[in-house]
Amino acid sequence: MSGLVTGDAVVLGLQPAQLPSRALAVLIDLVAVWAVYLLIALGLAVATASLDEAAVMAVSVASFLLVLVGAPIAVETLSHGRSLGKLACGLRVVRDDGGPIRFRHALVRGAMGVVEILMTFGVVALVASLVSERGRRLGDVFAGTLVVRERIPAARVLAVPPPPPWLVGRFAGVDLSAVPEALWLEVRQYLTRSRELDPVVGRRLAERLADELVARTGTPPPAGVPADAYLAGVMAERQARDARRVFAPSAAGVVPGAVPSPPVPAAPVVEAPVPPVVASPAPPVIAPPVVASPVVAPPVGGSSVESGARATGFAPPA
């Protein structure tokens, strides 16, 4: 197994460093330390020119121990396992259980480094790293430490596998508000590394996590659904809700996290008084004048008959 496993059988996402990257980090550290040591030794040689030979030797030994031994120990202790070379190569020194190192770990590594790196020009450290299963030198073996890679390529970050298609949206009504973040982290770690676990151990772990989810949500899984599929379905539902919570306000034109402004009270509407309507008197109706037609007197004598005959063209009998 390439990762680190603690005593509780918890797989850590730490990869042991390879020998080329470790050698490059040691080379960078040696160049930096020797450059500082030469500058300090040159300054001390000028400052102790008037002293006797014993005093000059004592100062030289003290500067050697402080710079070449004490400085790396202090740097690893204060930076929790990151020296200049390891920082440049993306490496870090950790304990066997994955925790940060302390002063005693750095002290043992530094003391052994004088023998296997400085005094033997790195030959002992090279042989020990080649023989060790995880590439540890003698200082790591005695200190109980390991050099791991901190910068892992993004392509190797495992994504949560999707649930079976027939479980998508099956848990839309489950209340997930009572599930703590620590439990979500355990479920995610199990889903991303379930293929690397032993089948029996993986099944027991999935059942335990499923029981904890059921106790938090109060909703048992559907009948016949395996524990790992149930975990994948609930995790997919949680991710879908998080995505809706993030993107739904933006789609509606509301910026997430913005504080809504208080409502502005509307100004009261004042109705203008309506003036009373006064009815104006109707204009008098003037009747048109009646013009009397002239009365024509009937003609006298037989002229009426003649006129009747001319008008109708019919003559009455005599």
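Every value quoted in this text rests on a predicted model; they were computed, and no experiment measured them. (Residues numbered from 1 in each chain as written. Predicted model: local features only at pLDDT ≥ 70, side-chain atom pairs only at ≥ 80, totals over all residues. Heavy atoms only, no water.)

Draft legend 1. Molecular detail of the sheet that holds strand E5 (residues 145-149). Here we have 3 strands laid out as an open sheet, ordered E3-E5-E4, and antiparallel in their pairing. Every interior strand has two partners, whereas the edge strands, strand E3 (15-16) and strand E4 (91-95), have only one. (Pairing = 2+ DSSP bridges. Helix = DSSP H or I, 4+ residues; strand = E, 2+ residues; numbered from the N terminus.)

Draft legend 2. Main features of the side chain of threonine 48. Its place among the elements puts threonine 48 in the loop between helix H1 (19-47) and helix H2 (53-78). Threonine 48 gets classed as buried once you look at its relative accessible area, which sits at 10%. (Buried < 20%, exposed > 50% of the residue type's maximum accessible area, 1.4 Å probe, protein only.)

Draft legend 3. Focus on the nonpolar core. Among the nonpolar cores identified, the biggest contains 23 residues, and Trp184, Val187, Leu191, Leu213, Tyr230, Leu231 and Val234 are the most heavily contacted of them. Contributing elements (two or more residues each) for this core: helix H7 (181-193), helix H8 (199-217) and helix H9 (227-251). Ranked by the residues each element gives to this core, the list is headed by H9, at 7 residues. With residues up to four places along the chain from it excluded, the contact list for leucine 191 reads Val160, Pro161, Asp228, Leu231, Ala232 and Met235. Counting residues in each nonpolar core, the second largest holds 10 residues, with Ala17, Val69, Ala106 and Val114 among its members. (Core = buried A, V, L, I, M, F, W, Y, C linked by side-chain atoms within 4.5 Å. Contact = heavy atoms within 4.5 Å.)

Draft legend 4. Inspection of the environment of valine 108 at higher detail. Residue placement: valine 108 occurs in helix H4 (residues 103-119). Classification of valine 108 by relative accessible area gives partly exposed; the value is 30%. The spacing of valine 108 and isoleucine 73 is 35 residues in sequence and 8.8 Å in space, taken between C-alpha atoms.

Draft legend 5. The arrangement of the packing of H2 against H4 in detail. Here H2 crosses H4 at 140°, and the two axes come no closer than 9 Å. Once H2 is placed against H4, the crossing between them reads as right-handed. Where H2 abuts H4, its residues Leu68, Val69, Ile73, Glu76 and Thr77 lie against Phe103, Ala106, Leu107, Arg109, Gly110, Val114 and Leu118. Taken together, the residues of the contact of H2 with H4 sort by class into 8 nonpolar, 2 polar and 2 charged. (Axes fitted to C-alpha atoms, helices over the stretch in contact; angles between N-to-C directions. Left-handed = near helix turned anticlockwise from the far one by under 90°. Nonpolar A, V, L, I, M, F, W, Y, C, P; charged D, E, K, R; others polar.)

Draft legend 6. Structural detail: the packing of H7 against H8. Packing of H7 against H8 leaves a shortest axis separation of 11 Å and a crossing angle of 150°. When the axis of H7 is compared with that of H8, the two are roughly antiparallel. Helix-helix and strand crossings are classified by hand; for H7 and H8 the assignment is left-handed. Contact residues: Leu183, Trp184, Glu186, Val187 and Tyr190 in H7; Gly202, Leu205, Ala206, Arg208, Leu209, Glu212, Leu213 and Arg216 in H8. (Parallel < 35°, antiparallel > 145°, perpendicular 65-115°, else oblique.)

Draft legend 7. Quick look at the packing of aromatic side chains. A full pass over the atoms with the stated rule returns 3 aromatic pairs. Taking 5.6 Å as the distance between ring centres and 85° as the angle between the ring planes, the aromatic pair formed by tryptophan 34 and tyrosine 37 counts as edge-to-face. In this pair, tryptophan 34 and tyrosine 37 both sit in helix H1, 3 residues apart, roughly one turn of the helix. For tyrosine 37, a relative accessible area of 14% gives the class buried. Both rings, one in tyrosine 37 and one in phenylalanine 64, keep their centres 6.0 Å apart while their planes meet at 85°; by these two values the pair is edge-to-face. Of this pair, tyrosine 37 sits in helix H1 while phenylalanine 64 sits in helix H2, and the two are 27 residues apart along the sequence. For phenylalanine 64, a relative accessible area of 27% corresponds to the partly exposed category. Through successive ring pairs, a cluster of aromatic residues spans Trp34, Tyr37 and Phe64. (Phe/Tyr/Trp six-rings, centres within 6.5 Å; stacked < 30°, edge-to-face > 60°.)

Draft legend 8. Geometry of the pattern of salt bridges. Under the defined criterion, the tally for this structure stands at 14 salt bridges. Arginine 109 serves as the salt-bridge partner of glutamate 76, at 3.3 Å between the closest nitrogen and oxygen. Here glutamate 76, found in helix H2, pairs with arginine 109, found in helix H4; they are 33 residues apart in sequence, far enough to count as distant. Both residues of the pair, glutamate 76 and arginine 109, count as buried. The structure contains a network of salt bridges with shared partners spanning Arg22, Asp29, Glu76, Lys86, Arg109 and Asp140. (Salt bridge = Lys/Arg side-chain N within 4 Å of Asp/Glu carboxyl O.)

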